[in-house]
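# What the coordinates show
So you can see what is in the structure, the chains are spelled out below.
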Amino acid sequence: MPFPKGFLWGGAVAAHQLEGGWKEGGKGISVADVMTVGGPGKPREITDGVLPGKVYPNHDAIDFYHRYKEDIALLAEMGFKCFRTSIAWTRIFPNGDETEPNEEGLKFYDDLFDTMHAYGMEPVITLSHFEMPYHLVTEYGGWRNRKLVDFFVRFAVTVFKRYKDKVKYWMTFNEINNQRDVDTPFTAFTNSGVLYQPGEDRHEVLYQVAHHEFLASAKAVIEGHKINPDFQIGCMMAMSPVYPETCKPMDQIAALKEMDKTFYFADVQCRGHYPSYILKEWENKGYHIKMEPDDLAVLEQGCVDYFALSYYMSFVRAYDEQTDSFKEVPNPFVKASDWGWQIDPVGLRYMLDVLAERYELPMMIVENGIGLHEQPDETGLVQDDERINYFAAHIAEMKKAIELDGVTLMGYCPWGPIDLVSASTGEMEKRYGFIYVDKNNKGEGTLSRKPKKSFYWYKKVIASNGEDL
Ligand code: BGP
């Protein structure tokens, strides 16, 4: 029996991608609320507020804010043991810099967590999932400003105290490493809240941003454990293995260097200090990351309890002799989704093994899934065999990681168990769900919910504790 008793089967979402109700209940405007719809090859635009005539997908999303009771009941029908969502920071501190929280926002999550518990579903909660208050961008310059550390810790402590008997599993920052590609405005912006100034070295800015987020995370871990010593507070990384293109020694270095860009975030949060390869890079490039005398001690004391990861795809890197640089190359051995995400179940086992060996922490897969274009058939059912095959193959690899490689896995939360707004493109029609939601990219539709074929399949997987794939 590879999956232990009590294994947390569930699903994962983020507040801004499904709640809607963007101006209700005293909520403030988040960074996600000011982004338009993009699409393949067309990045989302960061706007400065609300432009007339533009579609803002996160404003209404799938209206979970009003329909959560119905939605949680549907997830419970699949047998969910846990449900990962985030607390929208802007529902609790609408601008991010207030001293008193918004009671109506706190009450919303009280009701949501009570509803989950009524079905025996454990809440797994992310504090910051691409939805920081937009005010913190315009007034403070986002996470480049050290003041955000205190604002975040105030938010964390407020919700830790309020939900100390309702939530045990927490994560500080969603995919904290998903901000290193400074040329992709979406990923950098939603995690950092930084709008770059002409001429500045974006990489240096992001090291400063990350330092502030590491501090905020470590302080939250320290404070959280004082509030409830049973809290399990994790980091959360987007993990993608990077393979070398060939066995040429320099291709190994190309792959290793690319992995290090992600490992550095995990090294700080799991080991409590900056790794030497990062300190050397700062020295070589002349970067000056501002720190205060206690910072390193805080990082040391604020190590996380478990390792949460998202897993979607793998990459390949090669060394280019002509330019003496590293480059990304396609993998001829795996297929890609319509959005170019390479489907690689074995990569999940590989990643779990590497992380288990490197950090020796229990792990939780808090995102995994495939975005598909889908339509109900003439009977009204979405026949999503492609999704079923995707999950069956990934779960089979998780089993091997547990049974053959000794990995400790606490739970599995596929991404977007109910169709929701895509984070990278803002589309509704990049669908991940076991449940179909009637809404298109233009925002049209009845918002009705309907189980897909995979709904019944996943129900069977959970009921058999992962045996019946
Ligand atoms: C992760 C994010 C999620 C989610 C997922 C799927 O990076 O943590 O918020 O959206 O990716 O990505 P997308 O929605 O862009 O398809």
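Numbers given for residues are sequential positions, taken from 1 along each chain in its written order. Totals for whole chains, interfaces and linings use every residue, but because this is a predicted model, local features are given only for residues with pLDDT of at least 70 and side-chain atom pairs only at 80 or more, for both listing and counting.

- The name an unreviewed UniProt entry gives the chain is 6-phospho-beta-glucosidase BglA, with Mitsuokella jalaludinii as the organism.
- UniProt positions are given in the numbering used here, feature names are shortened, and annotations may be inferred rather than shown by experiment. What UniProt records for the chain under Sequence similarities (unreviewed entry) is the sentence "Belongs to the glycosyl hydrolase 1 family."

## Concerning the overall build of the chain
- A helix here means a DSSP run of H or I that spans at least four residues, while a strand means a run of E at least two residues long, and both kinds are numbered starting from the N terminus. Assigned secondary structure in the chain consists of 15 helices and 13 strands.
- In this setup the radius of gyration rests on C-alpha atoms only. A globule is expected at 2.2 Å times the number of residues raised to 0.38. Here the C-alpha radius of gyration of the chain, 21 Å, is about what a compact globule of 469 residues would show, namely 23 Å.
- For the chain, the spread of C-alpha atoms along the principal axes amounts to about 60 × 55 × 50 Å.
- Any residue whose C-beta has 12 or fewer other C-beta atoms within 10 Å is treated as exposed, any with 20 or more as buried, and any in between as partly exposed, C-beta atoms being built from the backbone. For the chain, buried positions account for 49% of its 469 residues.

## Thoughts on helix α5 (residues 103-118)
- Given a helix with a known number of residues, its expected span is that number minus one, times 1.5 Å. A rise of 1.5 Å per residue sets the reference length of α5, with its 16 residues, at 22 Å; its end C-alpha atoms lie 22 Å apart and thus fit the reference within 8%.
- Regarding α5, the residues found buried are Gly105, Phe108, Tyr109, Leu112, Phe113 and Met116. Buried residues in α5, looked at end-on, bunch into an arc of 125 degrees, giving them a common side. Exposed and oriented more than 90 degrees from the buried face of α5 are Glu103, Asp111, Asp114 and Ala118. Think of it as the arc spanned by the lines of direction from the helix axis to the C-beta atoms.

## Section: the environment of Leu136
- In this structure, Leu136 sits in helix α6 (residues 135-140).
- Separated by 57 residues in the primary sequence, Leu136 and Gly193 have C-alpha atoms spaced 7.6 Å apart.
- In contact with Leu136, other than residues within four places in its own chain, are Gly96, Asp97, Gly142, Leu148, Phe151 and Gly193. Whether two residues are in contact depends on their C-beta atoms, placed from the backbone: they are in contact if these lie within 7 Å.

## Some words on the site of the ligand
- Nearness is defined per residue: the C-beta atom, placed using the backbone, must lie within 6 Å of the molecule or strand. Surveying the vicinity of the ligand reveals 16 residues, the closest of which are Ala14, Gly371, Ser422, Ala423 and Ser424.
- Each residue gets one of three labels, nonpolar for Ala, Val, Leu, Ile, Met, Phe, Trp, Tyr, Cys and Pro, charged for Asp, Glu, Lys and Arg, and polar for the others, Gly among them. Here the shell around the ligand is composed, by residue class, of five nonpolar, eight polar and three charged.

## What about the sheet that holds strand β8 (residues 315-320)?
- Two strands qualify as a pair provided that DSSP identifies no fewer than 2 bridges between them. Read from one edge to the other, the open sheet built from three strands follows the order β6-β8-β9, with strand pairing classed as mixed. Each of the sheet's edge strands pairs with one partner strand only, and the pair in question is β6 (242-244) and β9 (325-329). Neighbour-to-neighbour, the strand axes of the sheet open up by a mean angle of 40 degrees, direction not taken into account.
- When β6 meets β8, the two strands line up parallel, connected through three bridges. Throughout, an axis means a line fitted to C-alpha atoms (over the contacting stretch in the case of helices), and angles, computed between N-to-C directions, take values from 0 to 180 degrees.

## Some words on the nonpolar core
- Defined on buried residues, the nonpolar core groups Ala, Val, Leu, Ile, Met, Phe, Trp, Tyr and Cys residues joined through C-beta atoms within 7 Å. Judged by nonpolar contacts, the single largest core of 128 residues is most densely connected at Leu309 and Met363.
- Of all the elements, helix α9 (residues 202-227) adds the most residues to this core, at 11 residues.
- Residues contacting Met363, with those up to four places away along its chain left out, are Tyr306, Phe307, Leu309, Leu352, Leu355, Ala356, Val407, Thr408, Leu409 and Met410.
- Counting residues in hydrophobic clusters, the runner-up holds six residues, among them Val242, Ala254, Ala255 and Val316.

## Points about the pairing of strand β10 (residues 363-367)
- Counting buried residues in β10 gives five out of five residues, a clear majority hidden from the surface.
- Pairing between strand β7 (residues 306-310) and β10: four bridges, direction parallel. Residue pairing across strands places Leu309 opposite Ile365, the latter belonging to β10.
- For β10 and strand β11 (residues 409-412), the ladder comprises three bridges, and the chain directions are parallel. Residue pairing for β11: Met363 is matched across the bridge by Leu409.

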